Amino acid sequence: MAPARAPGSPSGALCRQLLLTLAILTFACDACKTVTLHVPFKLDAEKLIGRVNLKECFKSATLIHSSDPDFQILEDGSVYTTHAILSSSEKRSFTILLSNTETQEEKEIPVLLEHQTEVLKKRHSQEKVLRRAKRRWAPIPCSVPENSLGPFPLFLQQIQSDTAQNYTIYYSISGPGVDKEPRNLFYVERDTGNLFCTRAIDRETYPSFELVAFATTPDGYTPEYPLTLVIRIEDENDNYPIFTETNYVFKVFENSKIGTTVGQVCATDKDEPDTLHTRLRYSIIEQFPASPTLFSMHPTTGVITTSSSQLDRELIDKYQLKIKVQDMDGQYFGLQTTAACIINIEDVNDNLPAFTSSSYVASVEENRIDVEILRVAVQDKDLINTANWRANYTILKGNEDGNFKIVTDSETNEGVLCVVKPLNYEEKQQVTLQIGVVNEAPYTGSSRSTMNTATITVNVLNQDEGPECDPRVQTVRIKENVSVGTKNIGYKAYDPETRSSSGIRYMKSNDPEGWVDVDENSGVITILKRLDREARSGVYNISIIASDKDGRTCNGVLGIILEDVNDNGPVIPQRTVIICKPVMSSAEIVASDPDEPIHGPPFDFSLEGASDSEVLRMWRLTKVNDISARLSYVNDLQFGKYTVPVRVTDRLGLSLVTPLDVILCDCVTPNDCTIRSGLSTGIGEVILGKWAILAILLGIALLFCVLFTLVCGATTGAAKKPKVFPDDLTQQNLIVSNTEAPGDDKVYSTNGFTTHAVGGSAQGICGTLGSRVKTGGQETIEMVKGGHQTMESCQETGHHHTLERYKEGGQHTLDSCRGGPIAADNCKYTYSEWCSYTQPRLGEKVRQCDQDNTHMQAQDYVLTYNYEGRGSAAGSVGCCSERQEEDGLEFLDHLGPKFRTLAETCMKR
């Protein structure tokens, strides 16, 4: 660094001059100070040359004016040329005049225009003076005007390092625009560091460039770090704003209010955002039809709205607008683009449909239905085939009887009047209708009337008609006890022309019971059978057909209302009454009468019989209410069935005797007595249902199948098995029992020989009756004397007797002596042989069973019982008893309730 100098020295003066120059070069100076702008020699028309800060000089300025007409000043301080300028001198100046019309205050800002070559010269001289006063290797803001016209190469700035005082420094740059696309756009002088631009640049393609500068010595030494240089491309208004669509199409309803939004247009500009170059203004250039003006456009948003409420689709249904967008905030020198906008007017229901005539005339024959008699047309200015145009017709007056209907023809929009209910000429010869018409859509116009009306006169034409059945349903009243052959008024039809019944013939088409006959000429009915109101409740209907001489007919119904007579006595529907004697002493009986209530209750109940009859001594009746009484027994009657005749008399004295079957039963509930009355009392019978009978039949069939299978199996086994006794026969016949008491004795018929229990003597005979004792799963067979065959008899007759094993574990059966011729020598096993074969084996098995696992004596394994004799005076009470006799069971009739089920079971057996 050089030593400091005195303030008054020439060097101090240079410093002051340099500082003044730097202050002038700034765009934002002190208020109302001179502003210097650097411009080239040639300036294009409407080109931005700089910006002046007007607010710092005069904040409340309302008028801005330039003293030089070649330049225009905008509100933001931008300075534009009004036309192309070619400057001959190096400097040019003008003044910006600022004034406030309210305060009459004025201020001026001097503007100095300086050429770029003069600036470069000053920079070189100043850099030589300030080379040691400031660090030079630092990024300096730099910009290049877009689409610059040169001259090229265009000097941008100089980069320089302080190390150049001590070394020879070579400068170089790299980055986009140098060695990357777009290549060779910038270069730097190696020795001086001057940075140049070689050609024009498009900002929309390259908004800025970021270069890297290097300072090196010839031998490659780098005394400085790489320096980043940012070159910004200054935007030029070179892009026209463009609408997003070439043709816009919007729609709006007619009669819309002022300010109704129609649509919005939008445009884009590729220039730099947030500048005047992209500040767009929208406007409507032209409207067709031109008059009246109906639309307006917001200048900044592009929203199109209605400016009048006189849109009428019926007059004009479409408008075309020519719209414009211009940048530079709409200034006259801004770039602009136009587009077309079509606005379709949508229809609303602002026009009422109107009849083409106010009155119409139509005619129709009487008795005609579903026939079209008239078509009416309307006019409507609204859009065709829409809800605003389609008509809805209605009948306002004159159709109180519902004879007419009017509908809309969807093709022609006409109203079609039809007859849906026949008209009667004799009743009405002319009908006047008032009809109205509206649209499907609600009316939105300004008219007070919302419906147009018209009058239709319908003339009814006379027609020769057949008989009329009017009323169709006619009724007569007849007492039900009327005698056969009685005549009564019948059905009447008449001629509508003469209102007479003469010449009309009658016949019945339906008589369910065949009770009456209809006279052909008069319609009078004759009773053919006894009428019964109780058989046909309600009204008895007969279908009648009435016809005239021409064969024209009408159908009617004759309803016969049968009047009730007291021809039915009261009866007791429940003929069987059950009284559970242990829990109840009476039963309630209820009477009914099929006649009407005036011939029915209250009833009188009485017992039928002589004063000294048993019925009066045994039974008593007590009236409960109008229709029921209580029947109770007087003395302690025996269980059984009794017949009690009861007479019931209605309010008019007609009576009827009903014999009641009264059952005194030993039961708790009547249902219990009903189920087992035939068993417990002995006076009833068990009535089996169809399912019970079916179950019995299936059981019998199953039993026969089992017996057949056993017989076939035994026969087959006897034919195939050799006549030898197996070694385990004794084990199969000996059953171990831990029961300490003998079981029930049951007698079974057998056809073989059996064995006694353990310890008894074995005796083989060909007997037919035996007894088997079952105790805890053990069964033994006890022989009963009196058998019909012996082993010897088997041998004599040539039959053989074998032993079969039926089931292991205690149940064994011995084959009976089977019939059939067999050789006599086949029966070689006699009783002695059987005993000698089985006794040792049975003894061994008993001894083994009497020992435990350690071969010690087991006291609780096999026990010996004493024989207590056979038979019992009372017999067995088991449910499986096979007793065939029924004697000695009378005591069961007097058992308590707990034994009743057991007694019934024994009785069934």
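Residues numbered from 1 in each chain as written. Predicted model: local features only at pLDDT ≥ 70, side-chain atom pairs only at ≥ 80, totals over all residues. Heavy atoms only, no water.

Chemist: Help me understand the overall build of the protein chain, please; the structure alone is not making it clear to me.
Modeler: When its secondary structure is counted, the protein chain shows 10 helices and 51 strands. Residues classed as buried in the protein chain amount to 36% of the 909 residues present. In the protein chain, the share of contacts with a sequence separation of at least 24, taken over all contacts with a separation of at least 6, comes to 65%. A total of about 52,900 Å² of accessible surface is found on the protein chain, and carbon and sulfur atoms cover 53% of it. (Helix = DSSP H or I, 4+ residues; strand = E, 2+ residues; numbered from the N terminus. Buried < 20%, exposed > 50% of the residue type's maximum accessible area, 1.4 Å probe, protein only. Contact = heavy atoms within 4.5 Å. Areas by Shrake-Rupley, 256 points an atom, 1.4 Å probe, with all protein chains shown as cover.)

Chemist: Just to check I follow, could you spell out the side chain of Asp350 for this structure?
Modeler: Within the secondary structure, Asp350 is located in the loop between β25 (336–346) and β26 (354–355). For the buried Asp350, which has no salt bridge, the nearest side chain bearing the opposite charge is Arg313, at an N-O separation of 6.6 Å. A distance of 3.2 Å separates the side chain of Asp350 from the side chain of Asn255, its partner in a polar contact. A distance of 2.8 Å separates a polar atom in the side chain of Asp350 from a polar atom in the side chain of Asn351. (Lys, Arg positive; Asp, Glu negative; His and termini not counted. Salt bridge = Lys/Arg side-chain N within 4 Å of Asp/Glu carboxyl O. Polar contact = N/O pair within 3.5 Å; in protein donor to acceptor, adjacent residues only side chain to side chain.)

Chemist: Looking at this model, I keep getting lost on unusual backbone geometry. Mind explaining?
Modeler: Outside of glycine, negative phi angles account for most residues, and trans bonds account for most peptide bonds. In this model, Gly150 is joined to Pro151 through a cis peptide bond whose omega is 5 degrees. Positionally, Pro151 belongs in the loop between β10 (142–145) and β11 (154–158). At the junction of Asp470 and Pro471, the peptide bond is cis and its omega measures out at 0 degrees in the coordinates. Position of Pro471 among the secondary structure elements: in the loop between β34 (452–461) and β35 (473–479). Positive phi values are uncommon outside glycine, yet Met328 reaches one of about 55 degrees. Tracing the chain through its elements places Met328 in the loop between β24 (318–326) and β25. What makes Met328 buried here is its relative accessible area of 1%. Positive phi values are uncommon outside glycine, yet Asp370 reaches one of about 55 degrees. Looking at the element boundaries, Asp370 is found in the loop between β27 (359–365) and β28 (371–376).

Chemist: Any chance you could explain the sheet that holds strand β9 (residues 105–115) here in plain terms?
Modeler: Adjacent strands of a sheet form backbone hydrogen bonds with each other and so pair up, either parallel or antiparallel. Overall, mixed pairing links the 4 strands, which are arranged β1-β9-β8-β4 in an open sheet. On the outer flanks of this sheet lie β1 (35–39) and β4 (63–66), each paired with one strand and no other. With strand direction ignored, the average angle separating the axes of adjacent strands in the sheet is 25 degrees. Two strands pair when backbone bridges link them, and β4 and strand β8 (residues 91–100) are joined in this way by 4 bridges, in the antiparallel orientation. Its bridge partner being in β8, Ser66 is matched across the sheet by Ile96. (Pairing = 2+ DSSP bridges. Axes fitted to C-alpha atoms, helices over the stretch in contact; angles between N-to-C directions.)

Chemist: Even after reading the chapter, I still don't get the packing of aromatic side chains, so can you show me in this structure?
Modeler: Pairs of aromatic rings are described using the distance from one ring centre to the other and the angle between the two planes. Under the counting rule described, the total for this entry stands at 15 aromatic pairs. With a centroid separation of 6.1 Å and 45 degrees between ring planes, the pair formed by Phe355 and Tyr393 is classed as tilted. A residue pair is termed long-range when its members are at least 10 positions apart, and Phe355 in strand β26 and Tyr393 in strand β30 (residues 391–397) qualify at 38 residues. Taking the ring centre of Tyr170 as reference, the NZ or CZ of Arg190 above it sits at 3.9 Å. (Phe/Tyr/Trp six-rings, centres within 6.5 Å; stacked < 30°, edge-to-face > 60°. Lys NZ or Arg CZ within 6 Å of the ring centre and 35° of its normal.)

Chemist: It is not clear to me how the environment of Lys270 should be interpreted in this structure. Could you clarify?
Modeler: Within the secondary structure, Lys270 is located in the loop between β20 (267–268) and β21 (281–288). With relative accessibility at 60%, the residue Lys270 sits in the exposed group. Sequence-wise, Lys270 and Asp238 are 32 residues apart; in three dimensions their C-alpha atoms are separated by 8.8 Å. Ignoring any residue separated from it by four or fewer positions in sequence, one finds Lys270 in contact with Arg203, Glu204 and Asn239.

Chemist: Would you take a moment to explain the sheet that holds β11 for this structure?
Modeler: Read from one edge of the open sheet, 3 strands run β11-β14-β13, paired in antiparallel fashion. Every interior strand has two partners, whereas the edge strands, β11 and β13 (186–188), have only one. When the angles between neighbouring strand axes are averaged without regard to direction, this sheet yields 25 degrees. When β11 meets strand β14 (residues 194–197), the two strands line up antiparallel, connected through 4 bridges. By the bridge assignment, Gln157 is partnered in β14 with Leu195.

Chemist: How should the pattern of salt bridges be read in this particular structure?
Modeler: Pairs may arise between side chains of opposite charge once their charged atoms sit close together. Overall, the coordinates contain 21 salt bridges when judged by the stated rule. Close ionic contact of Arg190 with Asp191 constitutes a salt bridge, the shortest N to O distance being 3.4 Å. Its relative accessible area of 51% is what places Asp191 among the exposed residues. The salt bridge partner of Glu588 is Arg630, with a shortest N-O separation of 3.6 Å. Here Glu588 is found in strand β43 (residues 586–590), whereas its partner Arg630 is found in strand β46 (residues 628–633), with 42 residues between them in sequence.

Chemist: What is the right way to look at the side chain of Asp347 in this model?
Modeler: Tracing the sequence through the fold places Asp347 in the loop between β25 and β26. Within polar-contact distance, the side chain of Asp347 engages the side chain of Arg313 at 3.1 Å. Reaching out from Asp347, the side chain makes a polar contact with the side chain of Asn388 at a distance of 3.1 Å. Those residues within four positions of Asp347 in sequence are excluded, and the remaining contacts are Phe253, Glu254, Arg313, Glu314, Asp382, Leu383, Thr386 and Asn388.

Chemist: Whenever I open this one, the state of the cysteines confuses me. Can you help?
Modeler: Linking two cysteines covalently through their sulfur atoms gives a disulfide. Summed over the entire model, instances satisfying the criterion amount to 2 disulfides. Linked covalently through their sulfurs, Cys469 and Cys554 form a disulfide whose S-S length is 2.0 Å. Taking the sign of the torsion about the S-S bond as the criterion, the disulfide between Cys469 and Cys554, at about 70 degrees, is right-handed. Taken as a pair, Cys469 in the loop between β34 and β35 and Cys554 in strand β41 (residues 553–563) lie far apart in primary sequence, 85 residues in all. A residue is classified by how much of its surface remains accessible, and Cys469, at 12% relative accessible area, is buried. Judged by relative accessible area, which is 11%, Cys554 ranks as buried. (Disulfide = S-S within 2.5 Å.)

Chemist: So what exactly am I meant to see when it comes to the pairing of strand β31 (residues 404–408) here?
Modeler: In regular strands, side chains alternate between the two faces of the sheet. Where β31 meets strand β32 (residues 415–419), 5 bridges bridge the pair, whose relative direction is antiparallel. Residue Phe404 lies in a different strand from β32, and its bridge partner there is Val419. The turn linking β31 back onto β32 is made up of 6 residues, and Asn413 within it adopts a positive phi angle of 65 degrees.

Coordinates in, geometry out; function isn't part of it.
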